[in-house]
Every structure is written in structure tokens, then in C-alpha cells.
Amino acid sequence: MGCWRGPRAMLVCLLLLRPPPSPACPAACHCSSSGEVDCSAHALREVPQNLATNTSTLWLGYNFITVLGPRSFPSLPGLLLLSLPHNRLGLIHHQALLGLGALQELDLSNNYLTVLTPETFLPLSSLVTLNLGSNRLEGLEPGVLRSLPQLQAILLQDNPWMCSCDILPLWRWLSHNREKVQEKNLLLCRVPEQLNKYPIMAFGNESFRQCQETSLSAWHYIVFLTIGPFSFMASIFFCTFMGFMTVVYHNLRRDYYCWRRRRICRGH
């Protein structure tokens, strides 16, 4: 009751009784008290930065985001779901997803992604589901998937997969993790033409027998390219040296012969 003894005391009491301010919400988004932030279909060209740290779900689909640069997201330790489908995303920097260590589900479908590196998803040690469907991926390093220890579901359908010897490492990973591959029947070759629409999961070991017998790593090619010129120069040096030694040998032998047979040499 002591709060009402004076105007100043009353003001202090009102400030103490006022509910805490709600977390910031970007102008183009709709935020709920449960931590869900919906920024879909607002023509955004980058990720909003003034997101509340308690954000647990972030919808960013149907925008115009083309690049995720270094630290594109503020620190969101509680973010569990990130949805970025139907943007124009063509590049993800290897530090773009820092601060999202709790993320469990990531949707990057229906974008323009052509290349992904193993470093891209390294910060996502808790990721369970990854959707890369409907992009422009012709191949995928197995290291990209091996960097996700908790991964349980991967979607790769509707990409222009190039079914050459280069796809062998990816095929091995898919074959050993069949239970994680969703929409297996839609994982189809695009090139070469004779394998167009052929299911990648239908390949067997015999399909890659020639690749296993003749394929060489980049290290082998480097060694060959280095040894070739070196051996050529070494052979030239060796031949020159041997020719020089032969001439010296014959001159010494002739001088020795003349010394022993001076009369014969004078006749010459």
C-alpha cells in the first residue's frame, strides 16, 4: 500500500508492474509468442537481422534471397526450423549458418543451388532433416552429408544429376544410407542422354566397374604431370653427361696410347 503515498512513488510502482516489452519483430514478418516468425512472400532480398533470440521457427519462403553471405543470421540459439524454399538462392557462404547449432530442419528446396561444400553445413551439428530438392545440383560431395552426424532424412529429388563416374562417391553414400533417402524414385539421372530419367538408386556395383578400374585421383594426375617434365630434363642431362664422359675417355685413351707408342704417333 506504500506505493500510493506520492506521485513519484506511484510512477515507480507503475514501471515495476508494467509487463516486459515483447521481443522485436521485423516489419515484414509476423511473430507469435511461441517463437514462430513468418516472413514469407514479402519480396525480401536478405534475411532480417532484428530477429528475437527466442525464435524457434523461421519461414522465409517465396522471397528474392539470392545469396547467404557470412553470418547471414543473427545468433538464434533456439532456432529449430528454417525454411527457405522458392527463393533465388544460388550461393551459400561456408560461414552463413553460424549461430544455428540447434537447427533440426532445413528446407532449401526450389532454389538455384549448383555447388555445396562440406563446410557449408558444419555448424549444423543437430540437423535431422535436409531438403535440397528442385535445385540445380549435378553432383554432391559425400562430405556434405557426412558433416551432418544427426541426419535422418535427406531429399535430393528433381535435380539435374550427371550420372558419370563422378557420381560414384555419392551413390556409395546413398546406398549405405538408404533409410535416410526420401523420395528415392524421384532421384533420377538427367545426363547423359541415354541415362535420362534412370533412377540413381537402381545402379549396382557392376555399373561402376569401369570407373573403379580406370579412375585416377587428382593427386595421381599431379604426380604424372610433375614426373613427366622432370624425367625428360633428367634424361637430357644424363645423355649430355654420358656423351661428355665418353669424349673425355677417348681423349685420355688416345693420349695414353701415344705416350706409349711415340713412334707410331710421329708417323701419324
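Residues numbered from 1 in each chain as written. Predicted model: local features only at pLDDT ≥ 70, side-chain atom pairs only at ≥ 80, totals over all residues. Heavy atoms only, no water.

Caption draft 1: Summary view of the overall build of the protein chain. Scanning the protein chain for helices and strands turns up 6 helices and 12 strands. Expressed as a percentage of the 268 residues in the protein chain, the buried residues total 35%. (Helix = DSSP H or I, 4+ residues; strand = E, 2+ residues; numbered from the N terminus. Buried < 20%, exposed > 50% of the residue type's maximum accessible area, 1.4 Å probe, protein only.)

Caption draft 2: View of the packing of aromatic side chains. Taken as a whole and judged by the stated rule, the model has 3 aromatic pairs. Ring geometry for Trp171 and Phe208: centres 5.0 Å apart, planes at 40°, overall tilted. Of this pair, Trp171 sits in helix α3 (residues 168-176) while Phe208 sits in the loop between β12 (189-191) and α4 (209-214); the two residues are 37 residues apart in sequence, bridging distant segments of the chain. Centre to centre, the rings of Phe203 and Phe208 are 5.5 Å apart; their planes meet at 65°, and the pair counts as edge-to-face. Each member of the pair, Phe203 as well as Phe208, carries the same accessibility label: buried. An aromatic cluster of three or more residues is present, and its members are Trp171, Tyr198, Phe203 and Phe208. Across the ring face of Tyr112, the terminal group of Arg136 is positioned such that the distance to the ring centre comes to 4.1 Å. (Phe/Tyr/Trp six-rings, centres within 6.5 Å; stacked < 30°, edge-to-face > 60°. Lys NZ or Arg CZ within 6 Å of the ring centre and 35° of its normal.)

Caption draft 3: Here's a closer look at the environment of Ala24. If you trace the backbone, Ala24 turns up in the loop between α1 (7-17) and β1 (30-31). Ala24 gets classed as partly exposed once you look at its relative accessible area, which sits at 48%. Distance from Ala24 to Thr53, taken between C-alpha atoms, is 9.2 Å for residues 29 residues apart in sequence. Contacts of Ala24, omitting those with residues within four sequence positions, involve Asn50 and Ala52. (Contact = heavy atoms within 4.5 Å.)

Caption draft 4: Focus on the sheet that holds strand β7 (residues 105-107). With mixed pairing, 8 strands are arranged side by side in an open sheet as β1-β2-β3-β5-β7-β8-β9-β11. Edge strands, defined here as strands with exactly one partner in the open sheet, are β1 and β11 (181-182). As defined by bridge partners, strand β8 (residues 129-131) adjoins strand β9 (residues 153-155) across 3 bridges and the pair is classed as parallel. Of the residues in β9, the one forming a bridge with Leu130 is Ile154. (Pairing = 2+ DSSP bridges.)

Caption draft 5: Just the confidence of the model for the protein chain, in detail. In this model, the protein chain carries a mean pLDDT of 84, and residues with pLDDT of at least 70 account for 76%. Here residues 11-21 is a poorly scored stretch, pLDDT under 50, and it has 1 contact once near neighbours within four places are set aside; other chains count. (pLDDT = per-residue confidence, 0-100.)

Caption draft 6: Looking closely at the nonpolar core. Counting residues in hydrophobic clusters, the biggest one holds 54 residues, and the most contacted among them are Phe73, Leu82, Leu106, Phe121, Leu132 and Ile200. Those elements giving two or more residues to this core turn out to be α2 (142-146) and α3. If we ignore the near neighbours within four places in the chain, the residues touching Leu106 are Leu82, Leu97, Phe121, Leu124, Leu127, Thr129, Leu130 and Asn131. (Core = buried A, V, L, I, M, F, W, Y, C linked by side-chain atoms within 4.5 Å.)

Caption draft 7: Structural detail: the side chain of Asn131. Inspection of the secondary structure assignment puts Asn131 in strand β8. For Asn131, the residues in contact, after removing those within four places along its chain, are Leu106, Asp107, Leu108, Ser109, Leu155 and Gln157.

Caption draft 8: A look at the side chain of Ser147. As for its position among the elements, Ser147 is in the loop between α2 and β9. A distance of 2.7 Å separates the side chain of Ser147 from the backbone oxygen of Val144, its partner in a polar contact. Not counting residues within four places of it along the chain, the set of residues in contact with Ser147 comprises Pro118, Phe121 and Leu122. (Polar contact = N/O pair within 3.5 Å; in protein donor to acceptor, adjacent residues only side chain to side chain.)

Caption draft 9: Region of the structure containing unusual backbone geometry. Residue Pro192 follows Val191 across a cis peptide bond; omega there is 0°. You will see that Ala41, though not glycine, has its phi angle at about 55°, which is positive. Within the fold, Ala41 resides in the loop between β2 (36-38) and β3 (57-59). Exposure remark for Ala41: the relative accessible area of 54% places this residue in the exposed category.

Caption draft 10: Region of the structure containing a nonpolar patch on the surface. Side chains of Phe237, Phe238, Phe241, Met242, Phe244 and Met245 sit close together on the surface and give an oily, nonpolar patch of about 670 Å² of accessible area. Of note, Phe238 is situated in helix α5 (residues 218-260). (Patch = residues over 30% accessible without salt bridge, like charges linked within 9 Å, V, L, I, M, F, W, Y side chains within 5 Å. Areas by Shrake-Rupley, 256 points an atom, 1.4 Å probe, with all protein chains shown as cover. Salt bridge = Lys/Arg side-chain N within 4 Å of Asp/Glu carboxyl O.)

Caption draft 11: View of the environment of Thr114. For Thr114, the position within the fold is in the loop between β7 and β8. Residue Thr114 is classed as partly exposed on the basis of its relative accessible area of 40%. Separated by 25 residues in sequence, Thr114 and Leu89 have C-alpha atoms that sit 9.8 Å apart. When residues no more than four places from it in sequence are discounted, the contact partners of Thr114 are Arg136, Leu137 and Glu138.

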